[in-house]
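Letter by letter, the chains look like this.
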Amino acid sequence: MGKTADLTTVQKMTIDTLKKEGKTQKVIAKEVGCSQSSVSKHINREAKGRKRCGRKECTSKRDKRALERIVKQNRLKNVGEIHKEWTVAGVSASRSTTHRRMQDMGFSCRIPRVKPLLNKRQRQKRLAWAQDKKDWTAAEWSKVMFSDESKFCISFGNQGPRVWRKTGEAQNPRCLKSSVKFPQSVMVWGAMSSAAVGPLCFLRSRVNAAVYQEVLEHFMLPAADQLYGGDDFIFQHDLAPAHSAKSTSTWFKDHGIPLLDWPANSPDLNPIENLWGIVKRKMRDARPNNAEELKATIKATWALITPEECNRLVDSMPRRIAAAIQAKGAATKY
């Protein structure tokens, strides 16, 4: 980006604002994301009162407002679809012009985030839970063993449609997408503490109460010995049917293992969800050809998780709690 003409309207406004604040051209260029020469040319052009040369814009302010309405009606449309709808509305512009106008408005094409859908009752329970846990210290959270199941797909390249959004709109409901299931995958159970990760369990069948209790017996208990030795700990799992079954509750009582009360539909509060994300990002370049190769890749990547990564994730719990309270129980960015 070495030409003043390459600067968007948003960038030019930002340069003008930072210049008024007394920032240097070097600092402005770094914050705006362009070259220092572009900043200098724009400032000099504005100081001399020179107008931009070249052909005038073929679109009016009214046309731009119409384009913004089209984009906001459905954020998942691609440029071609938006351009077609804009021209149907009576605007004479090329596809590249449509794209430039969208960029001038501040829209960028991004992969949408996925968030759980929460009803009013669930938000209230999450808020009550967060308020109850807001005074927990890092030492208290270090006694919690977090657990979860996750699905790993053989193909990691299909990220789905992108979404048009502006800065600060990542959490806008219109900019989110729902998660989907992929058939070529394996399901994995894992656990972690602030010190390290436990052994993985690959699930070969649908997880009912009986299967889950076998996982607890053969994987959770060894993980507890590995992570805590003889010290006391609190076990965390979500409210999946197999987890909340009466026989599962009885199993925990018989083994004398306390459970952490957990709000429904709250993966954003569980640090192991972020750990799964770290593992999947590290596997992004892997291309397993079958389920066995996929399992081997997951095991190898899981073994590379460091104690520092685990400690950092568990230490984030107070911030997650504060974010949930600030959002009044709504889903947070985690």
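Residues numbered from 1 in each chain as written. Predicted model: local features only at pLDDT ≥ 70, side-chain atom pairs only at ≥ 80, totals over all residues. Heavy atoms only, no water.

Undergrad: Can you break down the overall build of the chain residue by residue, with the values?
TA: The helix and strand inventory of the chain stands at 15 helices and 6 strands. Relative to a compact globule of 334 residues, whose C-alpha radius of gyration would be 20 Å, the chain shows 26 Å and is clearly more extended. Each principal axis of the C-alpha atoms in the chain carries an extent, and together these give about 80 × 45 × 40 Å. The buried share of the chain, taken over its 334 residues, is 38%. Excluding contacts between residues fewer than 6 apart, the proportion of contacts in the chain whose partners are at least 24 apart in sequence is 75%. Of the roughly 19500 Å² of accessible surface on the chain, 50% is carried by carbon and sulfur atoms. Averaging the locations of the 61 positively and 33 negatively charged side chains of the chain gives two centres separated by 13 Å. (Helix = DSSP H or I, 4+ residues; strand = E, 2+ residues; numbered from the N terminus. Rg over C-alpha atoms; globule rule 2.2 N^0.38 Å. Buried < 20%, exposed > 50% of the residue type's maximum accessible area, 1.4 Å probe, protein only. Contact = heavy atoms within 4.5 Å. Areas by Shrake-Rupley, 256 points an atom, 1.4 Å probe, with all protein chains shown as cover. Lys, Arg positive; Asp, Glu negative; His and termini not counted. Charge placed at Lys NZ, Arg CZ, Asp CG, Glu CD.)

Undergrad: How would you summarise the UniProt feature "domain: Transposase Tc1-like" (unreviewed entry) in the chain if you had to cite specific residues and measurements?
TA: The UniProt record annotates "domain: Transposase Tc1-like" (unreviewed entry) at residues 64-132. Here residues 64-132 is 62% helix and 4% strand, with 48 Å between the C-alpha atoms at its ends. (UniProt positions renumbered as here; feature names shortened; annotations may be inferred.)

Undergrad: Can you lay out the environment of Asn289 for me, pointing to particular residues and giving the numbers?
TA: Of note, Asn289 is situated in the loop between helix H12 (271-282) and helix H13 (291-302). Judged by its relative accessible area of 64%, Asn289 falls in the exposed class. C-alpha separation for the pair Asn289 and Ile154, spaced 135 residues apart in sequence, amounts to 7.2 Å.

Undergrad: Help me get a handle on a positive patch on the surface, residues and values and all.
TA: The grouping of Lys61, Arg62, Arg65 and Arg69 at the surface amounts to a positive patch. Along the polypeptide, Arg65 turns up in helix H4 (residues 61-73). (Patch = residues over 30% accessible without salt bridge, like charges linked within 9 Å, V, L, I, M, F, W, Y side chains within 5 Å. Salt bridge = Lys/Arg side-chain N within 4 Å of Asp/Glu carboxyl O.)

Undergrad: Any chance you could break down the nonpolar core for me, citing the residues and the numbers?
TA: Grouped together as the largest cluster of nonpolar side chains are 32 residues, with contacts concentrated most on Trp141, Phe152, Met192, Leu275 and Ile298. Elements with a contribution of two residues or more to this core: helix H7 (120-133), strand E2 (144-153), strand E4 (185-192), H12, H13, helix H14 (307-314) and helix H15 (317-326). In terms of residue count, the dominant contributor to this core is H12 (5 residues). Aside from chain neighbours lying at most four places away, what touches Ile298 is Phe152, Val186, Val188, Leu200, Phe202 and Met283. Judged by nonpolar contacts, the second largest core, of 19 residues, contains Leu203, Leu216, Phe252 and Ile257. (Core = buried A, V, L, I, M, F, W, Y, C linked by side-chain atoms within 4.5 Å.)

Undergrad: Please set out the pairing of E2 residue by residue, giving values where relevant.
TA: Of all 10 residues in E2, 9 are buried; the element is thus mostly enclosed. Bridge count between E2 and strand E6 (residues 234-236): 3 bridges; the pairing is parallel. What sits directly across from Met145, in E6, is Phe235. With 8 bridges connecting them, E2 and E4 associate as antiparallel partners. Looking at the pairing, Ser150 lines up with Val188 of E4. (Pairing = 2+ DSSP bridges.)

Undergrad: Report on the packing of H4 against helix H6 (residues 95-104), specifying residues and quantitative values.
TA: Two elements in contact, H4 and H6, have axes whose closest approach is 11 Å; the angle formed by their N-to-C orientations is 85 degrees. The angle between H4 and H6 places the two elements in the roughly perpendicular class. When H4 is examined against H6, the residues Lys64, Leu67 and Val71 are found in contact with a partner set consisting of Thr98, Arg101 and Met102. Residue classes in the contact of H4 with H6 are distributed as 3 nonpolar, 1 polar and 2 charged. (Axes fitted to C-alpha atoms, helices over the stretch in contact; angles between N-to-C directions. Parallel < 35°, antiparallel > 145°, perpendicular 65-115°, else oblique. Nonpolar A, V, L, I, M, F, W, Y, C, P; charged D, E, K, R; others polar.)

Undergrad: Lay out the pattern of salt bridges with the relevant residues and their values.
TA: All told, the structure shown has 12 salt bridges when counted by the stated rule. A salt bridge links Glu31 to Lys23, with the nearest nitrogen and oxygen atoms 3.5 Å apart. Two residues, Arg126 and Asp268, come together in a salt bridge whose shortest N-O distance is 2.9 Å. With Arg126 in helix H7 and Asp268 in the loop between helix H11 (246-255) and H12, this pair connects stretches of sequence that are 142 residues apart. Like Arg126, the residue Asp268 is buried in the burial classification. Within this structure, Glu21, Lys23 and Glu31 form a network of salt bridges that share partners.

Undergrad: Break down the sheet that holds E4 for me, citing the residues and quoting the values.
TA: The sheet built from 4 strands is open, its strands ordered E5-E4-E2-E6 with mixed pairing. Looking at the sheet topology across the chains shown, the edges are occupied by strand E5 (201-203) and E6. With strand direction ignored, the average angle separating the axes of adjacent strands in the sheet is 25 degrees. Along the sheet, H12 contacts E2 and E4; its crossing angle with E2, the most-contacted strand, is approximately 40 degrees.

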